[in-house]
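# Notes for the structure review
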Amino acid sequence: MQTVLYVCQMEVGNEVAVREIHDRFPAEALQRGIGIERLVVFIGSGYYALEITVSDGNFQENFHRFIGSPEIQDLFTALRPHVQGLPTPVAATADMPLATAMMLWQHPASPDSTTV
């Protein structure tokens, strides 16, 4: 599995509209098995970000399957008046604003920490 962060700018003041669009998020598309294990969406201070965890296998194939699904494209079409730079199925991942984790520190007493 691999987790990436896709960061876009959005119009400040359009947070309510973006939230309303996300009320119709097509979760069934993710449950159908398009290669996404986890999706977290962030908005605030003029930014919209998707934290995407893809399944095992080829990252680019899974990521493009996700962004190319008709339901996700419909969501992005609804978001585009408010969010700039959302991914398209034909865009190369090398040209996208993607980031991956460089460091993770977690307190040893955290319930999520594991001992190796």
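Note that the coordinates shown come from a computational prediction; the quantities given were computed from them, not determined experimentally.

## So, the packing of aromatic side chains
According to the stated counting rule, one finds 1 aromatic pair in the structure shown. Each ring, one from Phe 59 and one from Phe 63, has its centre 5.5 Å from the other, and the planes form 20°; the classification is stacked. Of this pair, Phe 59 and Phe 63 both sit in helix 3 (residues 59-68), 4 residues apart, which is roughly one turn of the helix. Judged by relative accessible area, Phe 63 falls into the buried class, the value being 0%.

## Some thoughts on the environment of Val 54
Along the chain, Val 54 falls in strand 3 (residues 47-54). A C-alpha to C-alpha distance of 8.8 Å links Val 54 and Leu 39, two positions 15 residues apart in sequence. Among all residues touching Val 54, those that are not within four sequence positions of it are Met 1, Gln 2, Gly 35, Ile 36, Glu 37, Phe 59, Asn 62 and Phe 63.

## A closer look at the pattern of salt bridges
For the structure on display, the rule yields 2 salt bridges. In this structure, Arg 32 engages Glu 71 in a salt bridge whose closest nitrogen and oxygen atoms are separated by 2.6 Å. Taken together, the residues Arg 32 in the loop between helix 2 (27-31) and strand 2 (36-44) and Glu 71 in helix 4 (residues 70-79) connect sequence positions 39 residues apart. What makes Arg 32 partly exposed here is its relative accessible area of 47%.

## A short note on the environment of Ala 91
Structurally, Ala 91 can be placed in the loop between strand 4 (83-84) and strand 5 (98-100). Owing to a relative accessible area of 25%, Ala 91 belongs among the partly exposed residues under this scheme. Ala 91 has contacts with His 64 and Met 96, leaving out every residue within four places of it along the chain.

## A closer look at the packing of helix 3 against helix 4
Two numbers describe how helix 3 lies on helix 4: the axes approach to 5 Å, and their chain directions differ by 65°. Mapping the contact onto sequence places Phe 66, Ile 67 and Gly 68 in helix 3 and Pro 70, Ile 72, Gln 73 and Phe 76 in helix 4. Taken together, the residues that form the contact of helix 3 with helix 4 break down as 5 nonpolar, 2 polar and no charged.

## Topic: helix 3
If you check which residues of helix 3 are buried, you get Phe 59, Asn 62, Phe 63, Phe 66 and Ile 67. One side of helix 3 holds all its buried residues, which, seen down the axis, span an arc of 125°. Contacts from the buried residues of helix 3 go to strand 1 (2-10), helix 2, strand 2, strand 3, helix 4 and strand 5.

Cut-offs and rules
Residues numbered from 1 in each chain as written. Predicted model: local features only at pLDDT ≥ 70, side-chain atom pairs only at ≥ 80, totals over all residues. Heavy atoms only, no water. Phe/Tyr/Trp six-rings, centres within 6.5 Å; stacked < 30°, edge-to-face > 60°. Helix = DSSP H or I, 4+ residues; strand = E, 2+ residues; numbered from the N terminus. Buried < 20%, exposed > 50% of the residue type's maximum accessible area, 1.4 Å probe, protein only. Contact = heavy atoms within 4.5 Å. Salt bridge = Lys/Arg side-chain N within 4 Å of Asp/Glu carboxyl O. Axes fitted to C-alpha atoms, helices over the stretch in contact; angles between N-to-C directions. Nonpolar A, V, L, I, M, F, W, Y, C, P; charged D, E, K, R; others polar. Arc of directions from axis to C-beta.

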